[in-house]
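Fold and geometry: a report
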Amino acid sequence: MNPIQTLKRSLWVFHLNTGSCNGCEIEIVATITPRYDPERFGIRLVGSPRHADVLLVTGPVTGKMIERVKRVYEQVPDPKVVMCIGTCGQSGGVFFDSYNLKGPIDDVIPVDVYVAGCPPRPEAIIHGVVTAIAKLERREGGA
Amino acid sequence: MSWMEDLLLLGIGGIAVSVYGVVAGLLLLGIDRKLVARMQARIGPPIRQPFVDVQKLFTKQNIVPEHAVAWLFNGAPVVALVSSLVILLYLPIGSIPPVLSGYGDLILIMYLLTIPALALVAGGFSSGSPYATVGAQREMVTMISYELPLAIVFIAIAWRMSADGIGDPFSLVTIMQYPLWGLVGPLGLIGGLILLFILLLVTPAELSRIPFDTPEAETELAGGLLVEYSGKNLAMFYTAQGVKTLVMASILIALFLPWNPSGLLGLGGILAAGIDIAFFLLKLVVVVFASVTLVRAMVARFRITQVVGMYWLFLGLMGIIALILLGIDAIGGA
Ligand code: SF4
């Protein structure tokens, strides 16, 4: 059986904060509320990067976090998807040009899907997950 | 050569029970998740979700951390899964007697029940992560706390039966033949209900489910015992969790709800076994709903000190009261 077929119906998500303002965290928590109920697609938040398939990264990567981000990325078992949630992870956003930033995230680890917004709405985050699945399928089909 | 036939029968029975254990166990987990979702006004995952999860975990990379003791780290999940399947061999399914009936009784089951938990503890300690170590310590404390009420339940039932002069009271086949409810008077009935309540509350602790999931506490311990596990090792622990759910529910059914409908309907042969198994599965769902799902959807997690206090003081005391009630009942009835 194609691993992607099962992977896309059982995505376990680990959330990593690299110095965000917590706005994106609140939207991520809103995404897993009964109103959106992502568990019906098998999506579930897990407590350890070792269990995860998707790494949700928020925040602009502060100087202290740079080593940790790399480490957590390596702790996630393959195959994995990295999603960058929020504008500040993509460009610095409201923290742009701050003295303590080492980001954006894609300078540190490879990012598959970007979800823009400050913070993005839960619908945007779910759309990001769908995009990630599509990308995984494409990557698997092309290989 | 009869011992060879025995061995062959045992092999076939063992394989059949293993398949049944894994499938039914994962199915119970799926039903549990669906019911919780429904109680929270969600649609919830499809019932086959645990199968998908396990399948996915098998396709993932299996990481053994640098600081882990590799042989123990890789061995623990196998031991957890196999030992929980072994318990199933001693448990009746519907009206079918256990595969290993005559070789073990309730006392043995009680000892075997500690092995999956011990495997979890060994796996946690061997993974070399502080989170897992704290989780393993908590799991041990939980084990120590629920053992006392569990032992009281088993002993009270067996003792009540022996008081009526029934031979071999610890054997599950005997217990199925003479349900507790048929033996006791009104006082004993209350005692029996208390015992049932205790076993219903021991079940979530045995399975480390909410509110007794302190060892795995996702939010404080990042997955606790299982924090370093990934890929097929995690899949095996996941499956073992399902089998353990099945085991605990089967024990509860064997002790307290042993009735089978085939006798009432006057059926025989294959048909009777089929109906009994269907009825048994129904009972499993009801028991899991009452002891795991309902509790899980209603309450939050206990702290580890609260777990110990609750089991030793509250449930221990209730168990002793039930024991006394059954004792008075036996003397009064004699
Ligand atoms: S994108 Fe905006 S809301 Fe999200 S963490 Fe960055 S600053 Fe906060």
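Let me sum up the structure you'll find in this document. Computed from a predicted model, the values in this text were never measured in an experiment.

A closer look at the overall build of chain A
- The helix and strand inventory of chain A stands at six helices and five strands.
- For chain A, the α and β elements follow one another from N to C terminus as α-β-α-β-β-α-β-α-α-β-α.
- The C-alpha atoms of chain A give 15 Å as radius of gyration, which agrees with the globular expectation for 143 residues (15 Å, within 12%).
- Within chain A, residue pairs in contact and separated by at least 24 positions form 83% of the contacts whose partners lie at least 6 positions apart.
- For chain A, the exposed area adds up to about 6700 Å²; of that, 56% sits on carbon and sulfur atoms.
- With 16 positive and 15 negative side-chain charges, chain A shows a separation of 3 Å between the mean positions of the two kinds.

A look at the environment of A158 of chain B
Residues and elements named next belong to chain B.
- Position of A158 relative to the elements: it lies in helix α5 (residues 130-163).
- According to the relative accessible area criterion, A158 is buried, its value standing at 1%.
- Linking A158 and R38, residues 120 residues apart in sequence, is a C-alpha distance of 39 Å.

Describing the sheet that holds strand β4 (residues 81-85) of chain A
Residue and element names in this part refer to chain A.
- Here five strands make up an open sheet; going across it, the order is β2-β1-β3-β4-β5 and the pairing parallel. Unpaired on one side and paired on the other, β2 (44-45) and β5 (113-115) mark the two borders of the sheet.
- Of the strand pairs in this sheet, strand β3 (residues 54-58) and β4 are connected by five bridges, and their pairing is parallel. Among the inter-strand pairings, L55 is bridged to a residue of β4, identified as V82.

Quick look at the interface of chain B and chain A
- Facing the 28 residues of chain B at the interface are 25 residues of chain A.
- Summed over both sides, the interface between chain B and chain A buries roughly 2300 Å², with carbon and sulfur atoms accounting for 50% of that surface.
- The largest contributions to the chain B side of the interface with chain A come from R42, K56 and K60 of chain B, which together make up 26% of the buried area.
- On the surface where chain B and chain A come into contact, there are 16 residue pairs in polar contact (both at pLDDT 80 or more).
- Within the residue set of the side of chain B that touches chain A, elements represented by two or more residues are α2 (49-59) and α10 (231-256) of chain B.
- At seven residues, the largest contribution of residues to the side of chain B that touches chain A is made by α2 of chain B.

Regarding a nonpolar patch on the surface
Residues and elements named next belong to chain B.
- Taken together, the side chains of I144, L148, F197, W312, L313 and F314 present a nonpolar region at the surface, about 620 Å² in accessible area.
- Breaking the nonpolar patch down by element, the ones donating at least two residues are α5 and α13 (304-333).
- For the nonpolar patch, the element with the most residues is α13, which contributes three residues.
- Mapping F197 onto the fold places it in helix α8 (residues 186-206).
- When its relative accessible area of 37% is taken as the criterion, F197 is described as partly exposed.

Topic: the nonpolar core
- Ranked by size, the top nonpolar core spans 108 residues in total, and within it L55 of chain A together with L88, I157, L195, I251, L255 and F256 of chain B carry the most contacts.
- Per-element accounting of this core gives the leading share, 17 residues, to α10 of chain B.
- In this structure, L255 of chain B is in contact with L106, V153, F154, I157, L172, I175 and L199 of chain B, ignoring residues within four places of it in sequence.
- Within the second largest apolar cluster, 19 residues are counted, among which are L11, L56, V81 and M83 of chain A.

Quick word on the packing of helix α1 (residues 2-39) of chain B against helix α12 (residues 269-298) of chain B
Residues and elements named next belong to chain B.
- α12 packs onto α1 with a crossing angle of 45 degrees between their chain directions and a minimal axis gap of 9 Å. When the axes of α1 and α12 are compared, the pair comes out oblique. Seen from above, α1 lies across α12 with right-handed handedness. Touching Y20, L28, I31, D32, R33, L35, V36 and M39 of α1 are F280, L281, L284, V285, V288, F289, V292, T293, L294, R296 and A297, all from α12.

Overview of the pattern of salt bridges
- Inspection of the entire model under this criterion finds 10 salt bridges over all chains.
- We note a salt bridge from D53 of chain A to K56 of chain B, for which the minimum N-O separation is 2.7 Å. With one member in each of two chains, D53 of chain A in the loop between β2 and β3 and K56 of chain B in helix α2 form a pair that bridges those chains.
- Take D53 of chain A: its relative accessible area is 1%, and that puts it in the buried class.
- A residue is classified by how much of its surface remains accessible, and K56 of chain B, at 0% relative accessible area, is buried.
- For the salt bridge of E123 of chain A with R121 of chain A, the shortest nitrogen-to-oxygen distance reads 3.2 Å.
- Judged by relative accessible area, R121 of chain A falls into the exposed class, the value being 53%.

Some words on the pairing of strand β1 (residues 12-17) of chain A
Residue and element names in this part refer to chain A.
- Of the strand pairs in this sheet, β1 and β2 are connected by two bridges, and their pairing is parallel. Bridge assignment links W12 to a residue of β2, and that residue is R44.
- In this region the chain leaves β1, passes through helix α2 (residues 23-31) and returns to the parallel neighbour β2; the handedness of that crossover is right-handed.

Considering α5 of chain B
Residues and elements named next belong to chain B.
- Over its 34 residues, α5 runs 50 Å from end to end, which matches the ideal 50 Å to within 8%, given 1.5 Å per residue.
- Approximately 30 degrees is the largest bend angle found in α5, and it occurs at E147, with the proline P149 only one to four residues beyond.
- At the N-terminal boundary of α5, the capping side chain belongs to S129, with an oxygen 3.2 Å from the backbone nitrogen of Y131.
- Note on α5: the residue one or two positions beyond its end, G165, has a positive phi of about 80 degrees.

Some words on the packing of aromatic side chains
- Counted according to the given criterion, the structure contains three aromatic pairs over all chains.
- Ring geometry for F73 of chain B against Y229 of chain B: centres 4.2 Å apart, planes inclined by 0 degrees, an arrangement best described as stacked. Separated by 156 residues along the polypeptide, F73 of chain B in helix α3 (residues 70-89) and Y229 of chain B in the loop between α9 (218-221) and α10 bring together distant segments of the chain.
- The buried category is assigned to Y229 of chain B, whose relative accessible area is 0%.
- The interplanar angle of 85 degrees and the centroid separation of 4.9 Å between the aromatic rings of Y229 of chain B and F237 of chain B together place this pair among those described as edge-to-face.
- Residue class for F237 of chain B comes out buried when judged on its relative accessible area of 5%.
- Here a set of aromatic residues connected by ring pairs shows up, and it is made of F73, Y229 and F237 of chain B.
- Geometry around W12 of chain A places R44 of chain A over its ring, the cationic atom sitting 4.5 Å from the centre.
- When the ring centre of Y73 of chain A is taken as origin, the NZ or CZ atom of K80 of chain A, which lies over that ring, is 4.1 Å away.

Rules used throughout
- Residues numbered from 1 in each chain as written.
- Chains lettered and ligands numbered in written order.
- Predicted model: local features only at pLDDT ≥ 70, side-chain atom pairs only at ≥ 80, totals over all residues.
- Heavy atoms only, no water.
- Helix = DSSP H or I, 4+ residues; strand = E, 2+ residues; numbered from the N terminus.
- Rg over C-alpha atoms; globule rule 2.2 N^0.38 Å.
- Contact = heavy atoms within 4.5 Å.
- Areas by Shrake-Rupley, 256 points an atom, 1.4 Å probe, with all protein chains shown as cover.
- Lys, Arg positive; Asp, Glu negative; His and termini not counted.
- Charge placed at Lys NZ, Arg CZ, Asp CG, Glu CD.
- Buried < 20%, exposed > 50% of the residue type's maximum accessible area, 1.4 Å probe, protein only.
- Pairing = 2+ DSSP bridges.
- Buried area = accessible area lost by both parts, 1.4 Å probe.
- Polar contact = N/O pair within 3.5 Å; in protein donor to acceptor, adjacent residues only side chain to side chain.
- Patch = residues over 30% accessible without salt bridge, like charges linked within 9 Å, V, L, I, M, F, W, Y side chains within 5 Å.
- Salt bridge = Lys/Arg side-chain N within 4 Å of Asp/Glu carboxyl O.
- Core = buried A, V, L, I, M, F, W, Y, C linked by side-chain atoms within 4.5 Å.
- Axes fitted to C-alpha atoms, helices over the stretch in contact; angles between N-to-C directions.
- Parallel < 35°, antiparallel > 145°, perpendicular 65-115°, else oblique.
- Left-handed = near helix turned anticlockwise from the far one by under 90°.
- Right-handed = clockwise from strand over helix to strand, strands pointing away.
- Expected span 1.5 Å × (residues − 1).
- Bend = angle between axes of the 7 residues up to and from the residue.
- Phe/Tyr/Trp six-rings, centres within 6.5 Å; stacked < 30°, edge-to-face > 60°.
- Lys NZ or Arg CZ within 6 Å of the ring centre and 35° of its normal.

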